[in-house]
Amino acid sequence: MGMSQSSFLIDEAQHSGKRVQVLAPFPLSRAYDYVLPETMAAQAGDYVRIPLGKRDTIGVVWTLDSTDKVDPAKLKKIQQRYAMEPMPQVHRQFLEWVARYTMSDLGSVLKMSLSAPEALQPPKAASAFTLAGKIDGKIPASRQKVINLLQDGVPRRAADISRETGCSAALVRQMAASGQLVSMASTVPAPCRDPDLSPSVLSFSEAQTSAAEALKKLAAAQQFSTVLLDGVTGSGKTEVYFEAVAEALRQGRQALILLPEISLSAQFLERFERRFGVAPALWHSEVPAAQRRVAWAGVAEGKTKVVVGARSALFLPYKDLGLIVV
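First, a word on what this report is: a plain description of the structure on this page. Remember, it's a predicted structure, so these values are computed and weren't measured experimentally. (Residues numbered from 1 in each chain as written. Predicted model: local features only at pLDDT ≥ 70, side-chain atom pairs only at ≥ 80, totals over all residues. Heavy atoms only, no water.)

Some thoughts on the side chain of Thr-238
Point 1. Here Thr-238 is to be found in helix α7 (residues 237-250).
Point 2. Judged by its relative accessible area of 14%, Thr-238 is buried.
Point 3. Every residue in contact with Thr-238, bar those within four places of it in the chain, is listed here: Phe-268 and Arg-271. (Helix = DSSP H or I, 4+ residues; strand = E, 2+ residues; numbered from the N terminus. Buried < 20%, exposed > 50% of the residue type's maximum accessible area, 1.4 Å probe, protein only. Contact = heavy atoms within 4.5 Å.)

With respect to the sheet that holds strand β9 (residues 156-157)
Point 1. Strand order in the open sheet formed by 3 strands is β9-β8-β10, and the pairing between neighbours is antiparallel. Of all strands in the sheet, those bounded by a partner on one side alone are β9 and β10 (181-187).
Point 2. Across 7 bridges, strand β8 (residues 125-131) lies against β10 in antiparallel orientation. Looking across to β10, one finds that Ser-127 is bridged to Ala-185. (Pairing = 2+ DSSP bridges.)

Description of the packing of aromatic side chains
Point 1. Summed over the entire model, instances satisfying the criterion amount to 8 aromatic pairs.
Point 2. Judged by centre distance (4.8 Å) and plane angle (15°), the ring pair of Trp-97 and Tyr-101 falls under stacked. Placement of the pair is Trp-97 and Tyr-101 together in helix α1 (residues 89-102), with a separation of 4 residues, close to one helical turn.
Point 3. Using a relative accessible area of 18% as the deciding quantity, one classes Trp-97 as buried.
Point 4. According to the relative accessible area criterion, Tyr-101 is exposed, its value standing at 62%.
Point 5. With a centroid separation of 5.5 Å and 70° between ring planes, the pair formed by Phe-242 and Phe-276 is classed as edge-to-face. Residue Phe-242 is found in helix α7, and its partner Phe-276 is found in helix α8 (residues 266-276); the two are separated by 34 residues along the sequence. (Phe/Tyr/Trp six-rings, centres within 6.5 Å; stacked < 30°, edge-to-face > 60°.)

Let's talk about the environment of Pro-123
Point 1. Mapped onto the fold, Pro-123 is located in the loop between α2 (106-113) and β8.
Point 2. In this structure Pro-123 comes out as exposed when scored by relative accessible area, which is 63%.
Point 3. Separated by 72 residues in the primary sequence, Pro-123 and Pro-195 place their C-alpha atoms 23 Å from one another.

As structure tokens, then:
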């Protein structure tokens, strides 16, 4: 898609004690002027909290300068700047393009990128568990699985232990209550942080190898291009474009795989985890709020490398999106 470069002639240097324009996620056609407190510095793309009418809301610093002639004494002050990576310029350009193309209010389009506002708050601590020490005596097989997993000393949440061992989260809490495990506060890590980028163990046919190499070359070039991967059902298209995903990640970038929600099946997720060793971040209407919060923050900070989701996932504020698979 084409985007106008002229709409973002912005000085990205930090400013304080002056007016900036902030866009709020409401049916507003443009950003409005606010004043930065003398003690606050900001840059374009920063997430801030502002007074708007009779309410307070989250907004994004859209530009650092304003040509409006409103008396600064009449302007309201920004209340807070959130400690989050700023929304990238290219994403702000994308939102402007969408607003123009769909003839929508820019603020309404921004709302789709602020769909997990709680992610701007400090991460909530959750309980994680480690071994209390050497455990003697006869241990039931179910508990032994937990012990074997935690022998590496890495704290894990009950849900993670349950997933990796097949034991229930209730068993983990019982082991903590009996003194076999120690509970500690831990923040929930961003999903899909360290995918395995080693070559695929699958044996590709000649046609699959040719397609995979072509996609990898395009991903490595880091230039805009579009490609149609043609093949009948069951011909291995998924494993082929996984190779393009892996190459984009090797370049230090992120990848997005867009699927209809009906296709977000356990089978697809199992294939992804088998190839990359980790589960992707999920983004669709059925994802719980707590999981959305962690995924949104991971994407914005660049820690989450791959998102698999429905169309709304396109509006996440990727730090460096290098590949989109539709």
